[in-house]
Number of protein chains: 2
Amino acid sequence: MTKPTISVQLSTAKKQKPEADKLEFGRTFTDHMFIMDYTAENGWHDPRIVPYQPIEMDPAAMVYHYGQSVFEGLKAYLSSEGRVLLFRPEKNFERLNKSNDRLCIPRVDPDTVLEGLKQLVQIDKEWIPQAEGTSLYIRPFIISTEPYLGVAPSNMYKMLIILSPVGSYYKEGIRPVKIAVESEFVRAVAGGTGNAKTAGNYAASLKAQEVAESKGFSQVLWLDGVEKKYIEEVGSMNIFFKISGEIVTPALNGSILEGITRNSVIHLLKQWGLSVTERKISVDELVQAHKDGLLEEAFGTGTAAVISPVGELIWKDESLVINNGQTGEIAKRLYQTITGIQKGALPDTFGWTVEVDKVSQSC
Amino acid sequence: MTKPTISVQLSTAKKQKPEADKLEFGRTFTDHMFIMDYTAENGWHDPRIVPYQPIEMDPAAMVYHYGQSVFEGLKAYLSSEGRVLLFRPEKNFERLNKSNDRLCIPRVDPDTVLEGLKQLVQIDKEWIPQAEGTSLYIRPFIISTEPYLGVAPSNMYKMLIILSPVGSYYKEGIRPVKIAVESEFVRAVAGGTGNAKTAGNYAASLKAQEVAESKGFSQVLWLDGVEKKYIEEVGSMNIFFKISGEIVTPALNGSILEGITRNSVIHLLKQWGLSVTERKISVDELVQAHKDGLLEEAFGTGTAAVISPVGELIWKDESLVINNGQTGEIAKRLYQTITGIQKGALPDTFGWTVEVDKVSQSC
Ligand SMILES: Cc1ncc(COP(=O)(O)O)c(C=O)c1O
Ligand SMILES: Cc1ncc(COP(=O)(O)O)c(C=O)c1O
């Protein structure tokens, strides 16, 4: 197979890199970006790496009005031997294409975008932070660009990949969070866009998040939109519980995002010989299990935090403290194993990491 | 009250205007646009009219990723005496602010934006087409612009107003459409964003629309997301039925957009002494009424088409032909009355039209 050709225009001015201990999430971007265009006549074309720069768009560009937009999130890590590792990137592009299908956006060729991503990360390699818990966050996204005020799929799109060096999600190591179960607002419903990674889902979630934060909770746990009874997921994480020795997570039902960390966690738990079940979990079941002393652990899974232990759940006026508000054994083991594999410090028995090789740039 | 000051920079080059009989919906834009910025420090500031031009934004601008975006749609009409009339524009800005609340976007000052809108329309007045059924479509919208990859309300926004001369929605006069009742996909659910005019709702609707069009239907009629049983609205219209002499429309339940045409229709029907009820309407009720020969009329209401008679409803494999596929009496009378008021040809007893006065531009 011939490699797709990505043209490269290097930046002449290099930006200052942030200090390692001052890294924030998603505020600083590297020197370059990947960009590719779509038109109805030419399909996806002209994949290229260019200096990071503003994009110029007509005010009638459809994304501003009708929100056709999908994105992904993954990370590049620097191993202690200086190898640059991606974690299951092909999964992200597979999911991007699923999101594309739901939003009527033309699919991208996974080989081209993975090649573009690798070259981009290689070019901006010096931006990958080294310290424990840090990484280079990668944001591929697609937006509709046709200047047309009609509710219909756009005939023009842009795909971009931008990179942001990010700090440790937990400044003082892995730390349990307090999460409110949302009883008023709904994020997604069966038949909607909940299992696509599209902008509108996140816009819809802001109000509940704002209310939760004002009450001192870090995130909301969404319930299903139909019965408002079954657990779905957290803002940008899937969720797992250990109830009376059984590890459970909500089954993929069409309104939950199919998290890649979720998938990796399920594989690891099975490898360790632990029982893990994907099924419906009602909030009532959690409350009862807690009452009976059987709600042993809870943790979220997602690219940003990897594993996020939940120390307390709030449901209406009830507080469910889990594992005395401490990080559970399973959460700890998963965090260490996954971050170890991601950083190349532990053996990668599943073949999850993809090394960015020292490509010779055609510039 | 002092008028808000809107600075004006006129375009030096004027674009060619489209020919009256070649007007499409939402493809051509006028010479100028309104723009205003928001920052956390300065609030909404610098309202100005500038030549229509591309906007330049960071690829990390939040709207591309998390979809904070709201919009409105209204029209300016030229009366036969050359007066420029807006139809209930204050209602649009009231609704814009409601959408803002739901999307965690800071409210705008309705006086400032209405003044900006009037001056903009006055400046681009020559773009308002004259022919029967034509008008100048007005699109105010707000997008989040802060370059930040975190799921949180943005600290920076832009509001714009752009204008597009549009042709008659019905080339050969008002014409009944064929609409499919959607049984798989869901547009909105209680607790979601259905009653806000935000981009994500429209993105979510494209897939069902695509399927419906491929089967020869012009639009889909959405059911509620919870029971998939009750009628909500059409793609960009509210819906009314006449069942056994009673005119009914779905009650505002939080997942339906509160249409301004819908509101005007209710006022008119009451003025005419006709009974109109806002209530739950199940698809089963419609099927039964049709069977019994009691489903007498159906029509959609919205800014684009004003009144759109429905000649046929498709539910699963059943076809419900309404009024022999002809435009009903009520739809016809509403269309003539509303467009008459909008154009200044009929007396405006409700005080719905707002004249754009010959402002002296401060340029
Ligand atoms: C809504 C939502 N759920 C779950 C996840 C977790 O997915 P992943 O593990 O692929 O990061 C994310 C983040 O990507 C998300 O945005
Ligand atoms: C989803 C939706 N419903 C209803 C309407 C009708 O609203 P209005 O009569 O204010 O144009 C519109 C169009 O604006 C719409 O987009």
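Residues numbered from 1 in each chain as written. Chains lettered and ligands numbered in written order. Predicted model: local features only at pLDDT ≥ 70, side-chain atom pairs only at ≥ 80, totals over all residues. Heavy atoms only, no water.

**Remarks on the overall build of chain A**
Regarding its fold elements, chain A presents 7 helices and 19 strands. Relative to the 2.2 N^0.38 estimate, which gives 21 Å for 363 residues, the radius of gyration of chain A is 21 Å and therefore close to what a compact globule would have. Across its three principal axes, chain A shows a C-alpha extent of roughly 65 × 55 × 40 Å. In chain A, buried positions account for 60% of the 363 residues. (Helix = DSSP H or I, 4+ residues; strand = E, 2+ residues; numbered from the N terminus. Rg over C-alpha atoms; globule rule 2.2 N^0.38 Å. Buried < 20%, exposed > 50% of the residue type's maximum accessible area, 1.4 Å probe, protein only.)

**Here we look at the site of ligand 2**
All names here are of chain B. If you check the shell around ligand 2, you find 16 residues, and the closest are Lys197, Tyr202, Glu233, Thr261 and Thr303. Between an oxygen atom of ligand 2 and a side-chain N or O atom of Lys197, the distance comes to 2.8 Å. With respect to ligand 2, the side chain of Thr303 contributes an N or O atom lying 2.6 Å from an oxygen atom. The protein chains hide 97% of the 380 Å² of surface that ligand 2 would expose on its own. (Near = heavy atom within 4 Å. Polar contact = N/O pair within 3.5 Å; in protein donor to acceptor, adjacent residues only side chain to side chain. Areas by Shrake-Rupley, 256 points an atom, 1.4 Å probe, with all protein chains shown as cover.)

**Here we look at the domain arrangement of chain A**
Residues and elements named next belong to chain A. Domain annotation of chain A identifies domain 1 (9-171 + 346-361) and domain 2 (177-326). Using only C-alpha atoms to locate each centre, domain 1 and domain 2 end up separated by 27 Å. Buried surface at the junction of domain 1 and domain 2, both sides included, amounts to about 2000 Å², of which 57% is carbon and sulfur. Taken together, the connections running from domain 1 to domain 2 amount to 1 salt bridge. The salt bridge involving Lys98 is made with Glu258; its shortest N-O contact spans 3.3 Å. Applying the counting rule to domain 1 against domain 2 returns 13 residue pairs in polar contact (both at pLDDT 80 or more). Secondary-structure elements contributing two or more residues to the side of domain 1 that touches domain 2 are strand S5 (69-71), strand S6 (74-78) and helix H2 (89-102). For the side of domain 1 that touches domain 2, the element with the most residues is H2, which contributes 6 residues. Taken together, the residues of the side of domain 1 that touches domain 2 break down into 11 nonpolar, 6 polar and 7 charged. (Domains from an automatic or database assignment. Buried area = accessible area lost by both parts, 1.4 Å probe. Salt bridge = Lys/Arg side-chain N within 4 Å of Asp/Glu carboxyl O. Nonpolar A, V, L, I, M, F, W, Y, C, P; charged D, E, K, R; others polar.)

**A word on the interface of chain B and chain A**
Tallying the contact residues gives 59 residues for chain B and 59 residues for chain A. In total, about 5000 Å² of surface goes out of reach between chain B and chain A, with carbon and sulfur atoms giving 63% of it. On the chain B side of the interface with chain A, the three residues burying the most area are Tyr64, Leu149 and Leu206 of chain B, jointly 14% of the side's total. The tally of links from chain B across to chain A stands at 2 salt bridges. Residues Glu146 of chain B and Arg27 of chain A are paired through a salt bridge, measuring 2.9 Å at the closest nitrogen-oxygen approach. The tally of links from chain B across to chain A stands at 23 residue pairs in polar contact (both at pLDDT 80 or more). Among the elements of the structure, strand S4 (55-57), helix H1 (62-66), strand S5 (69-71), helix H2 (89-103), strand S8 (135-144), strand S9 (156-166) and helix H4 (199-214) of chain B are those that each provide at least two residues to the side of chain B that touches chain A. (Contact = heavy atoms within 4.5 Å.)

**Section: the relation of the copies chain B and chain A**
The two copies are related by a screw motion: chain B maps onto chain A through a turn of 180 degrees and a shift of 0.0 Å along the axis, at an RMSD of 0.0 Å. Put plainly, the chains are arranged around a two-fold axis. Here 100% of the contact residues of chain B are again contact residues in chain A; the copies associate through an equivalent surface. (Least-squares fit on C-alpha atoms with pLDDT ≥ 70 in both.)

**Notes on the site of ligand 1**
Residue and element names in this part refer to chain A. The environment of ligand 1 is formed by 16 residues, the closest being Lys197, Tyr202, Glu233, Thr261 and Thr303. Arg95 places a polar side-chain atom, nitrogen or oxygen, 2.8 Å from an oxygen atom of ligand 1. Within the side chain of Lys197, an N or O atom sits 2.8 Å from an oxygen atom of ligand 1. Expressed as a share of its isolated accessible area of 390 Å², the protein-covered part of ligand 1 is 97%. Listed by contribution, the elements that provide at least two residues to the shell around ligand 1 are helix H5 (260-271) and strand S16 (295-302). The residue inventory of the shell around ligand 1, partitioned by class, reads 4 nonpolar, 8 polar and 4 charged.

**Comments concerning the pattern of salt bridges**
All names here are of chain A. In the structure shown here, the tally under the stated rule is 34 salt bridges over all chains. Glu233 is the salt-bridge partner of Arg187, the closest N and O atoms lying 2.9 Å from each other. With Arg187 in the loop between strand S10 (177-181) and helix H4 (199-214) and Glu233 in strand S12 (residues 231-234), the pair connects residues that are 46 residues apart, well separated along the chain. Residue classification places Arg187 among the buried residues on the basis of a relative accessible area of 8%. Connected via shared salt-bridge partners are Asp37, Asp46, Arg48 and Lys158.

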